[in-house]
Amino acid sequence: MAERILLMTSTINPRKGEPLLQRIDPQLRLNDYKKALKHNLQFLGKGLDKIVFVDNSDANLNELHALCENHKQDVELVSYYGLDYPMEHGRGYGEFKLLDFAMKTSILISNASDDAQILKITGRYLILNFEPILTKLPTADLYCNYRNYPVKWADMFFTVWRKSFYQNHLREVYLLLKMDENEVAPEVTFRNYLESLPNDTLIRRRFNVIPKIDAPKGMNNQNYRNFFNQAKFYSRVFINRLLPWLWI
C-alpha cells in the first residue's frame, strides 16, 4: 500500500482584519492545533505513516514539538511566513499557497514516492471518526467531496491526492482562487477547475465516510458539535446512504 502522509495546514497568528474570520486569538488557535495534532498522532502506524504540520504565520511551534517528542522520525513541523498576499484574495487562496510550499519543501513529502497519498486537512479540525475514514480511504488521483446544492462546490477542508497528481494538476492552483476577483467562494472555483481536468483523471467525488468534526468554525466560533451542525452532519450521513445521488 502506498505511503500515507497527513498534511495539516495552520495559521496560528492570523492577520488583523482577515475577512470572514472571527477566531483570531493566537492562543485559542494554538490550543485547537495542539488538540488536533495530539489526536492525529495516535494514528501513526495505524493508517498513517507520517504527519507534516505547516504553519504560514511564522508562529512558535515549541508546544507542538513537545507533543511529538516520541515521534521525531515520523512528524515534521514547519513554520514560515506566507501571509504576504492581499487579504481580499481569501483564506482559500492562502491555504493552497501554503500547500505549494509544503509540497515543495517538506522533507517527508519529498522523500515519499510519487504514489504516496497526501491527506490534507485544515489543521484545527479534529476528526472524531478518523479511524473508519482511514479504513475506507479509496485509492484515487484525488478524493474530494462534491456538492451540488445549493451551489456546485468541492469541499476543501479534507482532501486526499496522489503526490504526482498534485505536481501535475494542483501546483499553483491557488492563483485561480482569488475570491475578490472571482466573487465566489474558493470551493466553487476549485470545483469548476476540477471539472476541467482530463476525463481519465481518477477522482472520487463523494466521501465514503462523512467526517465528524470537533472544532470551532473560524468564521463564527460555532463548534461543529453544536445542535445545528450535528443535525447537518447526521442529515448528510443519512442522505449519503439512502439518497447517494443527492449531493448536498
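Conventions used here
- Residues numbered from 1 in each chain as written.
- Predicted model: local features only at pLDDT ≥ 70, side-chain atom pairs only at ≥ 80, totals over all residues.
- Heavy atoms only, no water.
- Core = buried A, V, L, I, M, F, W, Y, C linked by side-chain atoms within 4.5 Å.
- Buried < 20%, exposed > 50% of the residue type's maximum accessible area, 1.4 Å probe, protein only.
- Axes fitted to C-alpha atoms, helices over the stretch in contact; angles between N-to-C directions.
- Helix = DSSP H or I, 4+ residues; strand = E, 2+ residues; numbered from the N terminus.
- Parallel < 35°, antiparallel > 145°, perpendicular 65-115°, else oblique.
- Left-handed = near helix turned anticlockwise from the far one by under 90°.
- Contact = heavy atoms within 4.5 Å.
- Nonpolar A, V, L, I, M, F, W, Y, C, P; charged D, E, K, R; others polar.
- Phe/Tyr/Trp six-rings, centres within 6.5 Å; stacked < 30°, edge-to-face > 60°.
- Salt bridge = Lys/Arg side-chain N within 4 Å of Asp/Glu carboxyl O.

(A) Quick look at the nonpolar core. Counting residues in each nonpolar core, the largest one holds 39 residues, and the members touching the most others are L48, I51, L119, F130 and F158. Of all hydrophobic cores here, the second largest spans 36 residues; its members include L7, L170, Y174 and Y193.

(B) Summary view of the packing of helix α3 (residues 91-105) against helix α6 (residues 163-170). Between α3 and α6, whose axes approach to 12 Å, the crossing angle comes to 125°. One element, α3, and the other, α6, form an angle in the oblique class. Seen from above, α3 lies across α6 with left-handed handedness. When α3 is examined against α6, the residues F96, L99, D100 and M103 are found in contact with a partner set consisting of K163, Y166, Q167 and L170. Among the residues making up the contact of α3 with α6, the classes are represented as five nonpolar, one polar and two charged.

(C) Structural context of the packing of aromatic side chains. Within the structure shown, the criterion is met by 15 aromatic pairs. Between Y125 and F157, the ring centres sit 6.1 Å apart and the planes meet at 55°, which makes this aromatic pair tilted. One end of the pair, Y125, is in the loop between β4 (117-122) and β5 (126-127); the other, F157, is in the loop between β8 (153-154) and β9 (158-162), and 32 residues separate them in sequence. In this structure, Y125 and F157 share a single accessibility class: buried.

(D) Focus on the pattern of salt bridges. Inspection of every chain in the model, using the stated rule, returns 14 salt bridges. When the shortest N-O distance is used, the salt bridge between D32 and R124 registers 3.0 Å. Of the two residues, D32 sits in helix α1 (residues 26-41) while R124 sits in the loop between β4 and β5, which places them 92 residues apart along the sequence. Neither D32 nor R124 differs from the other in exposure class; each is buried. Taken together, the salt bridges that share partners define one network made up of R23, D32 and R124.

By themselves, these are just geometric observations and shouldn't be taken as functional.
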